[in-house]
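What the coordinates show
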Amino acid sequence: MKEKLNEILIAAKEEIGKVESLHELQQVKSKYLGKKSVLNGLMRKIGTLPKAERPKFGQTVNTAKADISKLIQNKQQDIKTKEYADKLESESIDISMPGRRKEVGSLHPITKVMREIEDIFISMGFEIAEGPDVEDEAHNFDALNTPEDHPARDLSDTFYIDDDVLLRTQTSTVQIRVMENHKPPIKIISPGSCYRNENDASHSPMFHQVEALVVDEGVTFVDLRDMLKIFVKKMFGEKIDSRIRPHFFPFTEPSAEIDIVCVKCYGKGCNLCKGSGWLEMGGAGMVDPNVFDRLGIDSEKFTGYAFGLGIDRIAMLKYKIPDMRMLFENDIRFLKQF
Ligand code: PHE
């Protein structure tokens, strides 16, 4: 019996010595110490021994079990220590190596200018309104009093998605959406993208406008003119005056075009303003009563003004960008400068 135990001990020692992983060790453990192990088998035979030998036998088997158990425990500790050391080794970092620089982006010049414009108008009590880029003819043309045969409706000027669905050509659509849902007093601006079939140094197929709409009792053309003057000065500086010139838009009456003093020559005349001293900035006017009537707003009681400014033009002047298309080429070398 003693011999048998010794053999088992030697075999166990050898097997435990060869084990390399905790998983294998678990298998060895159940082989020698588990319910179905050889040692347990021996223990079960205790009943067949003469009474006097039983305690001694039991003790010997238990000692063997304890020895094996100790070996397994030690091995387990060894494996864990080794795994930890391996992990440290494989995950080690060389803290003397130079770091990898994370590229930090910058805001797009249009985003910057848009935010600046929003801040100026918010400081004067305007709220920001938004509308969809994909619009219907009703909001882009009909509700804006644009006749069926107006050239702007032409396929050559407007990107149509379907018969009645198009990419908005102006942010004036948002005027309509706001007036559909809110009674006066109204005081909003709406910055956003617009789309027209044009592409040259001062026109991009996608561009940006900011629309303003103020509707209340007693709003006048002078309020419009003064608001524009204040905005232009806040945006470009005290030296930059603005003026309005008669024009035509279907949805405003009277209508005007907005000019600002040339930011390069301050009105003397230069290549930027083509000698005129003035730069075109957008359109404006008093909301046409026809527009109010369609929306059920009492045009006897309320008056309002609206204007639309080109954000891309403002950005070009502010950052001295010669070609509008540069804004949308996504050339990192260009965009990094802002
Ligand atoms: N939406 C007009 C345009 O894109 C500009 C405009 C806005 C005119 C508001 C009058 C009032 O040309």
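Conventions and cut-offs
All residue numbers refer to position in the chain's written sequence, counted from 1. Only residues with pLDDT of at least 70 are given local features in this predicted model, and only at 80 or more are side-chain atom pairs given and counted; all residues enter the totals for whole chains, interfaces and linings. Hydrogens and water molecules were not included; the side-chain quantities draw on all heavy atoms of the structure. The numbering of helices and of strands both runs from the N terminus, where a helix is a DSSP run of H or I of at least 4 residues and a strand a run of E of at least 2. Atoms considered for the radius of gyration are the C-alpha atoms alone. The globule rule reads 2.2 Å times the number of residues to the power 0.38. Three exposure classes are used, based on accessible area relative to the maximum for each residue type with a 1.4 Å probe and protein chains only: buried under 20%, partly exposed in between, and exposed over 50%. Axis angles are defined between N-to-C directions and span 0 to 180 degrees, where every axis is a line fitted to C-alpha atoms and, for a helix, only to the segment in contact. With respect to orientation, any angle under 35 degrees is reported as roughly parallel, any angle over 145 as roughly antiparallel, any angle of 65 to 115 as roughly perpendicular, and every other angle as oblique. What makes two residues a contact is simply this: any of their non-hydrogen atoms within 4.5 Å. Residues are grouped as follows: Ala, Val, Leu, Ile, Met, Phe, Trp, Tyr, Cys and Pro are nonpolar; Asp, Glu, Lys and Arg are charged; all remaining types, including Gly, are polar. Two strands make a pair as long as DSSP finds a minimum of two bridges between them. What counts as a domain boundary in this text is fixed by an automatic or database domain assignment. In the sections that follow, a salt bridge refers to a side-chain nitrogen of Lys or Arg positioned within 4 Å of a carboxyl oxygen of Asp or Glu. What makes a residue near a molecule or strand is one non-hydrogen atom of that residue sitting within 4 Å of it. A 3.5 Å cut-off defines polar contacts: any pair of N or O atoms within that distance qualifies, except that in protein one atom must be a possible hydrogen donor and the other a possible acceptor, and neighbouring residues in sequence count only when both atoms are side-chain atoms. Surface accessibility in these figures is a Shrake-Rupley result with a 1.4 Å probe; residues are shielded only by whichever protein chains are displayed. Each Phe, Tyr or Trp ring (for Trp, its six-membered ring) is paired with any other whose centre lies within 6.5 Å, and the angle between the two planes then decides the class: stacked below 30 degrees, edge-to-face above 60, tilted in between.

Concerning the overall build of the protein chain
When its secondary structure is counted, the protein chain shows eleven helices and nine strands. Computed over C-alpha atoms, the radius of gyration of the protein chain comes to 42 Å, more than 25% over the 20 Å expected from 2.2 N^0.38 for 338 residues, which places it beyond the range of a compact globule. Structurally, the protein chain occupies a C-alpha span of about 125 × 50 × 40 Å along its principal axes. When each of the 338 residues of the protein chain is scored for burial, the buried share is 40%.

Points about the packing of helix α5 (residues 109–123) against helix α10 (residues 311–319)
In the contact formed by α5 and α10, the axes pass within 9 Å of each other and the chain directions differ by 105°. Between α5 and α10, the angle falls in the class roughly perpendicular. Every residue of α10 that contacts α5 at Pro109, Ile110, Lys112, Val113, Met114, Glu116 and Ile117 is listed here: Ile311, Asp312, Ile314, Ala315, Lys318 and Tyr319. Tallied by class, residues from the contact of α5 with α10 come to nine nonpolar, no polar and four charged.

What about the pairing of strand β8 (residues 278–287)?
Within β8, seven of the ten residues are buried, which leaves the element mostly enclosed by the surrounding structure. Bridging between strand β7 (residues 252–261) and β8 involves eight bridges; their strand directions are antiparallel. Its bridge partner being in β8, Thr252 is matched across the sheet by Val287. Note that β8 and strand β9 (residues 303–310) share five bridges and pair antiparallel. The residue of β9 that forms the bridge with Gly282 is Leu309.

Points about the domain arrangement of the protein chain
The domains assigned to the protein chain are domain 1 (2–90) and domain 2 (109–335). Computed from C-alpha coordinates alone, the two centres of domain 1 and domain 2 are separated by 86 Å.

Some thoughts on the pattern of salt bridges
Summed over the entire model, instances satisfying the criterion amount to 16 salt bridges. Between Glu257 and Arg245 there is a salt bridge, and its shortest N-O distance comes to 3.3 Å. A residue pair is termed long-range when its members are at least 10 positions apart, and Glu257 in strand β7 and Arg245 in strand β6 (residues 242–249) qualify at twelve residues. Note on Glu257: relative accessible area 13%, which makes it buried. Using a relative accessible area of 26% as the deciding quantity, one classes Arg245 as partly exposed. One salt-bridge network, in which partners are shared between bridges, spans Arg243, Arg245, Glu257, Asp259 and Glu280.

Quick look at the site of the ligand
Among the 14 residues in the neighbourhood of the ligand, the closest are listed as Gln170, Ser172, Arg196, Gln209 and Glu211. In the model, a nitrogen atom of the ligand is placed 2.8 Å from a nitrogen or oxygen of the Gln170 side chain. For the ligand, whose free accessible area comes to 330 Å², the fraction covered by protein is 91%. Counting residues per element, the ones that place at least two in the shell around the ligand are α7 (172–181), β5 (206–216), β8 and β9. The class makeup of the residues in the shell around the ligand is five nonpolar, seven polar and two charged.

Description of the packing of aromatic side chains
For the structure on display, the rule yields seven aromatic pairs. Considering the side-chain rings of Phe121 and Phe231, the 4.8 Å spacing of their centres and the 15° angle between planes classify their relative orientation as stacked. With Phe121 in helix α5 and Phe231 in helix α8 (residues 221–236), the pair connects residues that are 110 residues apart, well separated along the chain. In this structure, Phe121 and Phe231 share a single accessibility class: buried. Here Phe249 and Phe251 contribute two aromatic rings whose centre-to-centre distance is 6.0 Å and whose plane-to-plane angle is 40°, an arrangement assigned as tilted. Relative accessible area serves as the criterion here: at 9%, Phe251 is assigned to the buried category. Following the ring pairs from residue to residue traces out a cluster consisting of Phe121, Phe126, Phe231, Tyr305 and Phe307.

As for the sheet that holds β9
The strand order across the open sheet built from seven strands is β1-β4-β5-β9-β8-β7-β6, with neighbouring strands paired in mixed fashion. Strands at the two margins of the open sheet, each flanked by one partner only, are β1 (127–128) and β6. Against the sheet, α7 engages β4 (186–195), β5 and β9, with an angle of about 40° to β5. Here α8 sits on the sheet in contact with β6, β7, β8 and β9, set at roughly 30° to β9.

So, the environment of Ile311
With respect to the helices and strands, Ile311 occurs in helix α10. With relative accessibility at 0%, the residue Ile311 sits in the buried group. It is 32 Å that separates the C-alpha atoms of Ile311 and Asp298, two residues lying 13 residues apart in sequence.

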